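So the chains spell out like this:
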Amino acid sequence: MTKKLFIPGPVPVHPDILAAMATPMIGHRMKEYAELHGRVTAGLKKLLFTEDRVFLATSSAFGVMEGAIRNLVGTRCANFCNGAFSDKWHDVTLRCGKQADAFRFDWGRPVTPEAVDKALATGMYDSMTMIHNETSTGVMSPLTEIAEVMRKYPEVMFIVDTVSSMSALKIPVTELGIDSCIFGVQKAFALPPGLTVFTASEKALKRAAGIEGRGYYFDYLEFASNDDKNNTPSTPCISLVYAMDRQLERMSAEGLENRWSRHRELADYVRGWLASRGFELFPESGSASLTLTCARNTRNIDLAELKKQLGNSGFAFDDGYGKIKGKTFRIAHMGDMTRSDLDELFAAMVAIMPDLA
Ligand SMILES: Cc1ncc(COP(=O)(O)O)c(C=O)c1O
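Everything quoted here is computed from the prediction, not taken from an experiment.

Asker: Please explain the environment of Ser127 as it appears in this structure.
Answerer: Position of Ser127 among the secondary structure elements: in strand β5 (residues 127-131). The buried category is assigned to Ser127, whose relative accessible area is 0%. Considering only alpha carbons, one finds Ser127 and Phe223, 96 residues apart in sequence, at a separation of 20 Å. With near-sequence residues (within four places) excluded, Ser127 lies in contact with Leu72, Val73, Arg76, Cys77, Ala78, Val156, Met157, Ile159 and Arg207. Within the local environment of Ser127, its side chain forms a polar contact with the side chain of Asp126, the two groups lying 2.9 Å apart.

Asker: Which parts of the structure should I look at to understand the pattern of salt bridges?
Answerer: Proximity of charged atoms lets side chains of opposite charge pair with each other. One pass over the full model with this rule turns up 29 salt bridges. The salt bridge involving Glu148 is made with Arg151; its shortest N-O contact spans 3.5 Å.

Asker: Explain the nonpolar core to me, please; I cannot follow it from the model alone.
Answerer: Nonpolar side chains tend toward joint burial in soluble globular proteins. The biggest cluster of nonpolar side chains holds 55 residues, and the ones touching the most others in it are Leu44, Met128, Phe158, Phe189 and Met244. Broken down by element, this core gets its largest block of residues, eight residues, from helix α10 (residues 238-254). Residues contacting Met244, with those up to four places away along its chain left out, are Val40, Leu44, Val185, Phe189, Leu191, Leu195 and Val197.

Asker: In this structure, what is going on with the side chain of Glu134? I would like to understand it.
Answerer: One can find Glu134 in strand β6 (residues 133-134). Arg330 is the oppositely charged side chain nearest to the buried, salt-bridge-free Glu134, at an N-O distance of 6.9 Å. Residue contacts for Glu134: discarding those within four places in its chain leaves Asn82, Gly83, Ala84, Phe85, Ser86 and Val139.

Asker: What am I meant to see in the pairing of strand β10 (residues 195-200) here?
Answerer: In regular strands, side chains alternate between the two faces of the sheet. Most of β10 sits out of view: six of its six residues are buried. Taken together, the six bridges between strand β2 (residues 53-58) and β10 define a ladder with antiparallel strand orientation. Paired with Thr58 across the two strands is Leu195, which belongs to β10. With three bridges connecting them, strand β9 (residues 180-184) and β10 associate as antiparallel partners. Looking at the pairing, Gly184 lines up with Thr196 of β10.

Asker: Honestly, the packing of aromatic side chains in this entry has me stumped. Any pointers?
Answerer: Aromatic ring pairs are reported here in terms of the distance separating the ring centres and the angle at which the planes meet. In total, this model carries 15 aromatic pairs according to the counting rule given. Between Phe80 and Phe103 the ring centres are 5.3 Å apart and the planes differ by 25°, which places this aromatic pair in the stacked class. In this pair, Phe80 is assigned in strand β3 (residues 77-81) and Phe103 in strand β4 (residues 100-104), connecting sequence segments 23 residues apart. Residue Phe80 is classed as buried on the basis of its relative accessible area of 1%. A ring pair is formed by Trp273 and Phe346, whose centres lie 3.9 Å apart and whose planes are at 5°; its orientation type is stacked. Residue Trp273 is found in helix α11 (residues 256-275), and its partner Phe346 is found in helix α13 (residues 339-352); the two are separated by 73 residues along the sequence. Note on Phe346: relative accessible area 3%, which makes it buried. Grouping aromatic residues by their ring pairs yields a cluster made of Phe55, Phe198, Tyr220 and Phe223.

Asker: Explain the UniProt feature "domain: Aminotransferase class V" (unreviewed entry) in the chain to me, please; I cannot follow it from the model alone.
Answerer: UniProt annotation of "domain: Aminotransferase class V" (unreviewed entry) refers to residues 89-319 when read in the numbering used here. The span residues 89-319 shows a helical share of 39% and a strand share of 16%, and its end C-alpha atoms are spaced 23 Å apart.

Asker: For this particular structure, what's the right way to read the site of the ligand?
Answerer: Taken together, Ser60, Ala61, Phe62, Met65, Phe85, Ile131, Asn133, Thr135, Asp161, Val163, Gln186 and Lys187 form the complete shell of residues around the ligand. One nitrogen or oxygen atom from the main chain of Ala61 is found 3.0 Å from an oxygen atom belonging to the ligand. When the ligand is considered free in solution it has 390 Å² of accessible area, and contact with the protein chains removes 86% of it. Ranked by residues supplied to the shell around the ligand, first place goes to helix α3 (residues 61-72) with three residues. Here the shell around the ligand is built from residues that sort into six nonpolar, four polar and two charged.

Cut-off values and rules
Residues numbered from 1 in each chain as written. Predicted model: local features only at pLDDT ≥ 70, side-chain atom pairs only at ≥ 80, totals over all residues. Heavy atoms only, no water. Helix = DSSP H or I, 4+ residues; strand = E, 2+ residues; numbered from the N terminus. Buried < 20%, exposed > 50% of the residue type's maximum accessible area, 1.4 Å probe, protein only. Contact = heavy atoms within 4.5 Å. Polar contact = N/O pair within 3.5 Å; in protein donor to acceptor, adjacent residues only side chain to side chain. Salt bridge = Lys/Arg side-chain N within 4 Å of Asp/Glu carboxyl O. Core = buried A, V, L, I, M, F, W, Y, C linked by side-chain atoms within 4.5 Å. Lys, Arg positive; Asp, Glu negative; His and termini not counted. Pairing = 2+ DSSP bridges. Phe/Tyr/Trp six-rings, centres within 6.5 Å; stacked < 30°, edge-to-face > 60°. UniProt positions renumbered as here; feature names shortened; annotations may be inferred. Near = heavy atom within 4 Å. Areas by Shrake-Rupley, 256 points an atom, 1.4 Å probe, with all protein chains shown as cover. Nonpolar A, V, L, I, M, F, W, Y, C, P; charged D, E, K, R; others polar.

What follows is the structure, given as structure tokens:
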């Protein structure tokens, strides 16, 4: 049975996008691809408020997250960790053979500007990683305030994962001084998985030029020289690039301000619905994500059973991630979702558990 996805990625994909993916194939060294690539990267630059390079990688997000480490970490990296994906990024940094330290926050807490300042003030680091929206815990860290701190450390590469937030709110990459901003497309962009977008500032490209062992597949300089020709180093997922082209058109038709307000409204709606039924938010106050809501299982529901029954009714529901599985649950409200989608899920939840009415 096809299930409607309320998990935090992949999320439902609009039929227009699926239709765009059925566009007849072209060769990536043909002028038709260069036109498509140029249009898509120009559209992404507008969305990201940047004139930095924007690259398209055929990979899930972690491919480029690893690539960023290989390209941008010279002496030592500070990995800020407040959930499963940022923990994993630290592990990946070490697996790449880089020197790195993890600065950990309890799950449910955001990365704080104070902690970033304290870590970088030691002068030990030439790079830092953080995840803007920790999808495992539903926590959104204060990127603007952290970016303010980063201005004090211009020699430190500011590497940010916006996998589950980019396009749901304004993230002006250049104004924030982000050197490499990375996001897969199966979450806030509501595309099928397989494409990852990343940016590179001039500073990032300069750093990469001095680093050995960048490898090939995610070499930022290979991406830059191919980007000069509106192309990619190796064969791209062309169908997904068509999908992105269509999605950028759809975003522009919705209007960015409208898209951002829709996400704020959906977040408020889900939080309100859950609060009125006695559920508390898992994230610390003021740090709840705008694209998914992670709630504590304060009513001690059998979440595995609820997930199973929702599955039988045609809904994919998430009963928590990693060490907070069963203790929390997450509802996605990202991508193209609307209030009526959420109402469908809530109605199905009430049908299974009438005391949630
Ligand atoms: C914030 C964040 N970063 C990274 C990833 C990993 O992405 P991928 O599975 O596309 O490599 C995820 C996946 O859920 C995520 O939510």
